[in-house]
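# Coordinates in review
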Amino acid sequence: MVLKEFLREWNSDAATITVHTSGSTGTPKSMSVEKKRMLASARITCDFLGLTASDTALLCMNLNYIGAKMVVVRSIERGMSLCDVPPSGHPYADLPEQWRKHGRITFAAMVPMQVYNALESPEETEWLRSIDHLIIGGGAIDSRLERKLRPFPNHVWSTYGMTETLSHIALRRLNGDDASEWYKPFDTVEISQTADGCLVIDAPLIHEGKLETNDRVEIVKGKGFRILGRKDNVINSGGIKIQIEEVERNLRLFMPVPFLITRVHDEKFGECVVLLTEATDMAEMSEICHNVLPNYWVPRRYIHVDKIPIAGNDKPARAEAERIANLGKE
């Protein structure tokens, strides 16, 4: 989808817009959302960040997904100027010359891969540092990326949300003295937990009824919540519950190539930890895992893949990873 198509849909008489989920945990779905709720979500974010009509927004993500659509809606709601570039891993490369020389971007939303790529270039890094409010969503932000962003002079945020919440309902600072691992919900949002520790969102302005997520969280009054991992990403191996994201966080600093943790069915243990990797030296992968991880987290299988499965918005394609790992196990 291109901007002109989205604006045509937005300006139609229909009360709803069609959006698509990412497919990171299964098959992508389409759903209809009310324009008035999208405007309410945009207003909440703009108020929180203090965005005004004098600001300029960058659209550099795929308009098939809610994160990009909401950048446009925020620019409409607040009257911001919008700079539209094709979605790619290097937004700066497609930035029109007039925006490089004469127009400063004050608000941008990106996925982690775009930020990571920008930090590889001194020129792009300086441009990134000049953005007043940079929000990053659509995927996990690893510790190395956080460290690179920590000294940025302006505001850098990690977002929490999903298609059903019309982008994010909470933010956490990644830089400066206020940097934190705790997400703070907006004032109009109430949070709680299910019996198994998953986040429950009550955001009446943007979603009808309470929304139970699959994200296991810790909630502390006055701080907000922090993510432990997804409920469906728990591997139950011999009665020990292993959170996939925690294993990945521990390995991320030491792995020289892309990887994912997944699981296979096992007659003895029920489920076992598996490492999917683009590496070819499995002895090296095994050595890293044994040196870094607790014994009960160490993968029992190592599988080479030409490319780690990624969903359409750069999130890990967990269902596909598990399918690959279980090939030949049935």
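Above this text you will find the structure in question.
The text that follows walks through the structure, step by step, so that each part is easy to find.

What counts, and at which threshold
- Residues numbered from 1 in each chain as written.
- Predicted model: local features only at pLDDT ≥ 70, side-chain atom pairs only at ≥ 80, totals over all residues.
- Heavy atoms only, no water.
- Buried < 20%, exposed > 50% of the residue type's maximum accessible area, 1.4 Å probe, protein only.
- Helix = DSSP H or I, 4+ residues; strand = E, 2+ residues; numbered from the N terminus.
- Pairing = 2+ DSSP bridges.
- Polar contact = N/O pair within 3.5 Å; in protein donor to acceptor, adjacent residues only side chain to side chain.
- Contact = heavy atoms within 4.5 Å.
- Axes fitted to C-alpha atoms, helices over the stretch in contact; angles between N-to-C directions.
- Core = buried A, V, L, I, M, F, W, Y, C linked by side-chain atoms within 4.5 Å.
- Parallel < 35°, antiparallel > 145°, perpendicular 65-115°, else oblique.
- Left-handed = near helix turned anticlockwise from the far one by under 90°.
- Nonpolar A, V, L, I, M, F, W, Y, C, P; charged D, E, K, R; others polar.
- Right-handed = clockwise from strand over helix to strand, strands pointing away.

### Examining the pairing of strand S5 (residues 107–110)
- Burial of the side chains of S5 extends over both faces: Phe107 and Ala109 are buried on one face and Ala108 and Met110 on the other.
- Bridge count between strand S3 (residues 56–59) and S5: two bridges; the pairing is parallel. The residue bridging alanine 57 from the neighbouring strand is phenylalanine 107, located in S5.
- Across four bridges, the pairing between S5 and strand S6 (residues 133–136) is parallel. In the sheet register, phenylalanine 107 faces S6, and the bridge partner there is histidine 133.

### Some words on unusual backbone geometry
- Even without being glycine, leucine 166 reaches a positive phi, approximately 55 degrees.
- Here leucine 166 shows up in the loop between strand S7 (155–162) and strand S8 (167–173).
- Even without being a glycine, serine 167 presents a positive backbone phi close to 80 degrees.
- Among the secondary structure elements, serine 167 is positioned in strand S8.
- On the basis of relative accessible area, serine 167 is assigned to the buried category, the value being 12%.

### A few points about the side chain of histidine 133
- The topology assignment puts histidine 133 in strand S6.
- From its side chain, histidine 133 meets the backbone oxygen of leucine 49 in a polar contact 3.1 Å long.
- Not counting chain neighbours up to four residues away, the residues in contact with histidine 133 comprise Leu49, Leu51, Thr106, Phe107, Ala108, His155 and Trp157.

### Comments concerning the sheet that holds strand S10 (residues 190–193)
- Reading across the sheet, the four strands line up as S10-S11-S12-S13 and stay open at both edges, with antiparallel pairing between neighbours. Two strands lie at the open edges of the sheet, namely S10 and strand S13 (224–230), each paired on one side alone. The mean inter-strand angle of the sheet, taken between neighbouring strand axes irrespective of direction, is 55 degrees.
- Here strand S12 (residues 211–220) runs beside S13; their pairing, made up of six bridges, is antiparallel. Considered in S13, the bridge of aspartate 215 is made with arginine 230.

### What about the nonpolar core?
- Counting 68 residues, the largest nonpolar core has Leu58, Met110 and Leu128 as its most contacted members.
- In this structure, leucine 128 is in contact with Met110, Val115, Ala118, Leu119, Leu134 and Phe152, ignoring residues within four places of it in sequence.
- If you look at the next biggest cluster of nonpolar residues, it comprises 17 residues, including Ile242, Phe259, Ala279 and Trp297.

### Focus on the packing of helix H1 (residues 3–10) against helix H3 (residues 66–78)
- One can describe the packing of H1 onto H3 by two numbers: an axis separation of 11 Å at closest approach and a directional angle of 60 degrees. It follows from the interaxial angle that H1 and H3 lie oblique. In this structure, the crossing between H1 and H3 has a hand that is right-handed. Judged by residue contacts, Leu3, Phe6, Leu7 and Trp10 of H1 engage Lys69, Val72, Val73 and Ile76 from H3.
- The residue makeup of the contact of H1 with H3, split by class, is seven nonpolar, no polar and one charged.

### Thoughts on the sheet that holds strand S4 (residues 81–84)
- Across the sheet, which stays open at both edges, the seven strands sit in the order S4-S3-S5-S6-S7-S8-S9 with mixed pairing between neighbours. Across the chains shown, the open sheet's two edge strands, defined by having one partner strand only, are S4 and strand S9 (184–185).
- Inspection of the sheet shows S7 paired to S8 by six bridges, in the antiparallel sense. When the sheet's bridge partners are listed, serine 158 is paired in S8 with arginine 172.
- Sheet strands in contact with helix H2 (residues 35–49) are S5, S6, S7 and S8, and its direction is about 20 degrees off that of S8.
- Sitting on the sheet, H3 touches S3, S4, S5, S6, S7 and S8, and the angle it makes with S3 is about 155 degrees.

### Description of the pairing of strand S17 (residues 270–277)
- Summarising burial for S17: seven of the eight residues are buried, a large majority.
- Pairing of strand S16 (residues 259–266) with S17, which is carried by eight bridges, proceeds in the antiparallel orientation. Paired with arginine 263 across the two strands is valine 273, which belongs to S17.
- Hairpin connection from S16 to S17: three residues lie between these consecutive antiparallel strands.
- Pairing analysis gives four bridges linking S17 to strand S18 (residues 301–304), with the strands arranged parallel. Among the inter-strand pairings, threonine 277 is bridged to a residue of S18, identified as histidine 304.
- Tracing the backbone out of S17, into helix H9 (residues 282–292) and back to the parallel element S18 gives a crossover that is right-handed.

Take it as geometry only, folks, not as evidence of what the structure does.
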